[in-house]
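One-letter residues, chain by chain:
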Amino acid sequence: MKSSTCIGISSMKPCCRFLVSYRSSSIIGFSPPKMSRSGIRNLSKSLSKAVDRRRLHSCKHSKSQIIGYKCVADPNRRAFSVSDSSWGQSRVFSDSFRVDKGRSRDVLVIPRVASDFRNHSTSVEHHVNEKNFERIYIQGGLNVKPLVIERIETGDGLVKEDNTGINVSESDVNTNNVEGSNLTEPRIEREVSEIEKEAWNILCGAVVSYCGNPVGTVAANDPADKQPLNYDQIFIRDFVPSALAFLLNGEAEIVKNFLLHTLQLQSWEKTVDCYSPGQGLMPASFKVQTVPRDGSPEAFEEVLDPDFGESAIGRVAPVDSGLWWIILLRAYGKITGDYSLQDRVDVQTGIRLILNLCLTDGFDMFPSLLVTDGSCMIDRRMGIHGHPLEIQALFYSALRCSREMLTVNDATKNLVAAINNRLSALSFHIREYYWVDIKKINEIYRYNTEEYSTDAINKFNIYPDQIPSWLVDWIPDEGGYFIGNLQPAHMDFRFFTLGNLWAIVSSLGTPKQNKDVLDLIEAKWDDLVANMPLKIIYPALESDEWRIITGSDPKNTPWSYHNGGSWPTLLWQFTLACIKMGKPELAQRAVALAEERLAVDQWPEYYDTRSGRFIGKQSRLYQTWTVAGFLTSKMLLQNPEKASLLFWEEDYELLETCVCGLSKNGRRKCSRLGPIS
């Protein structure tokens, strides 16, 4: 078995579990200040079946390990202890955790102790005295790295650290089952093609470890790329298809580690020109860095360095990262059946912080989220500022996920009510005002303008001349779609694939609208799929429109990158939507197209030209979410019952209580069958 490294892309040994004894002590002569009850997170849950099944490995030279934010290598440091009066007892961690890095150094995982603490819900008393399982979470305040300790109390007073990982092998992939949680081969009991074997090897080779544990996958892993830019980082949105591939293959630990570590990165006090992001903001990406500790040439430490947008092209904070995190958290529970992760107090608090950030009252009067350009998958200037469909569909999905996962108590009942109200208002808003088909376009064509009353039909003062010439001939007689954006006096009629697919997956659209979107994609297959699925936007901005809207962006030239490029990673979302709507043959057709070219073309990030014939001019090769999207699509088609765990059906109870539309007689309910006319 190959030796492991603490950073980068590597083969990894399976993690050990360690026994930790208690001892009265202080942390290097320093005791942290006493914490208030709101600063302590205790959660007692019975162990999940998945944890019970895992084998406890012994480690000959090591007795302890802590998952934290620092992994310190120091041969002169042999012991570490933590003491705090509010914990009820102190902890000592003797010896160090050795990791073979090709050098004779020990690696001791040491957290930085928080000096102040985030305010949390205090409704955790009923968890404190349960005996079997306890998790303590401490979130640091300003510029403080948090600590997570998971421990299992045993009858002899010892504590077993819960810390497992996956093993990545460079060997060929086959269909044999694998014991434990070590990823060396896919667990799928079916014949796997050579292309799938290659894809699994690439995906496993993209895994990044932190302190010996897998925490995610890099965005791209092209060995010939001498300038990786930020493609060597772990992006939250990019990791989602990788996570689903691992989960569907029975490998859950990397996803669990990712969810917990990104949660710990939440609300770092990084700024752009001295302005702090809102509490609850999730980073766009993070990177594992190895740095000298205290200037010593003999001691090193691993740190997680997050990017909240301050290093991005446009210095824009990612709105979608927190939404993707919530969606992935639900998927983890649904696929593994382990809901204990969702029930942890730190995870519950993380969900609430994201929702509070999204649901904060402001000047905006719409139920949709107001965001700037570059705040999502389209992370450059493409004229999507305002209320882009992609963000609204992910927002709706995250709200539905949160409503399922949040523990309802006195501390959360108001938040749950706010979620229900926003779900109701948002579904009405998108179904009514974003939807276009041949009938709706005819209505817009005959709109009156300058209407001021609440009875106005043209509520956003849309001028009929805004209907683009390409749309008049392009819209089919059957089918329709959700437009890309809506603002006063502006409708963006471009077809945005990701937003429309997630409208189907989350049932943001009505059943008829969802069916019509797939009908339109099938009718316009040559435009939206052609030689490589799927166009991110249709049509591309060209000529003066391209110069004005993109600022003459040399990367987003017509039919390239975000401006009409074809992105294979959209394949898994298309597959999910097709399975939900009973059209798996459409997804199989798209997967077959991709399978013909992806491996031959070395798994590029995107394709160029109107029909997707050329590899993107600046496309990275061995793009991880291209690989993962393909694998996830194949597994979803082979296991459609798994796909049903990842989408939502129409929520008729929500529609029964919907009171979004204004009329002369007051409020009226949304229609179940289609948009309100």
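Above this text you will find the structure in question.
What you see is a predicted model; the values in this text were computed from it and never measured.

K.L.:
When you look at the packing of helix H13 (residues 497-505) against helix H14 (residues 511-523) in this model, what are you seeing that I'm missing?
P.N.:
Packed helices, taken two at a time, are described by the angle between their axes plus the distance between the axes. Relative orientation of the contacting elements H13 and H14 amounts to 140°, with a least axis distance of 9 Å. Here H13 is positioned oblique relative to H14, judged by the angle of their axes. The handedness of the crossing between H13 and H14 is left-handed. Mapping the contact onto sequence places Asn500, Leu501, Ala503 and Ile504 in H13 and Asn514, Val517, Leu518 and Ile521 in H14. Here the residues of the contact of H13 with H14 sort into six nonpolar, two polar and no charged.

K.L.:
Looking at this model, I keep getting lost on the pairing of strand S14 (residues 296-307). Mind explaining?
P.N.:
The side chains of a regular strand alternate, first on one face of the sheet and then on the other. Two strands pair when backbone bridges link them, and strand S13 (residues 285-293) and S14 are joined in this way by nine bridges, in the antiparallel orientation. Residue pairing in the sheet places Gln289 in a bridge with Val303 of S14. Following S13, the chain reverses through two residues before pairing antiparallel with S14; Asp294 in that reversal takes a positive phi of roughly 55°.

K.L.:
Whenever I open this one, the environment of Val505 confuses me. Can you help?
P.N.:
With respect to the helices and strands, Val505 occurs in helix H13. Sequence separation of Val505 and Phe647 is 142 residues, and the distance between their C-alpha atoms is 5.0 Å. Excluding anything up to four places from it in sequence, Val505 contacts Gln573, Leu576, Ala577, Lys580, Leu646, Phe647 and Trp648.

K.L.:
Hey, could you run me through the pattern of salt bridges in this one?
P.N.:
If charged atoms from side chains of opposite charge come close, those side chains can pair. One pass over the structure, following the stated rule, counts 19 salt bridges. The closest approach of N and O atoms between Glu650 and Arg431, which form a salt bridge, is 2.7 Å. Highlighted residues: Glu650 in the loop between helix H20 (640-643) and helix H21 (652-656) and Arg431 in helix H10 (residues 413-434), separated in sequence by 219 residues. Each of the two residues, Glu650 as well as Arg431, counts as buried. Between Asp544 and Arg547 there is a salt bridge, and its shortest N-O distance comes to 2.4 Å. Of this pair, Asp544 and Arg547 both sit in helix H16 (residues 543-550), three residues apart, roughly one helical turn. Residue class for Arg547 comes out partly exposed when judged on its relative accessible area of 41%.

Reading the values: rules and limits
Residues numbered from 1 in each chain as written. Predicted model: local features only at pLDDT ≥ 70, side-chain atom pairs only at ≥ 80, totals over all residues. Heavy atoms only, no water. Axes fitted to C-alpha atoms, helices over the stretch in contact; angles between N-to-C directions. Helix = DSSP H or I, 4+ residues; strand = E, 2+ residues; numbered from the N terminus. Parallel < 35°, antiparallel > 145°, perpendicular 65-115°, else oblique. Left-handed = near helix turned anticlockwise from the far one by under 90°. Contact = heavy atoms within 4.5 Å. Nonpolar A, V, L, I, M, F, W, Y, C, P; charged D, E, K, R; others polar. Pairing = 2+ DSSP bridges. Salt bridge = Lys/Arg side-chain N within 4 Å of Asp/Glu carboxyl O. Buried < 20%, exposed > 50% of the residue type's maximum accessible area, 1.4 Å probe, protein only.

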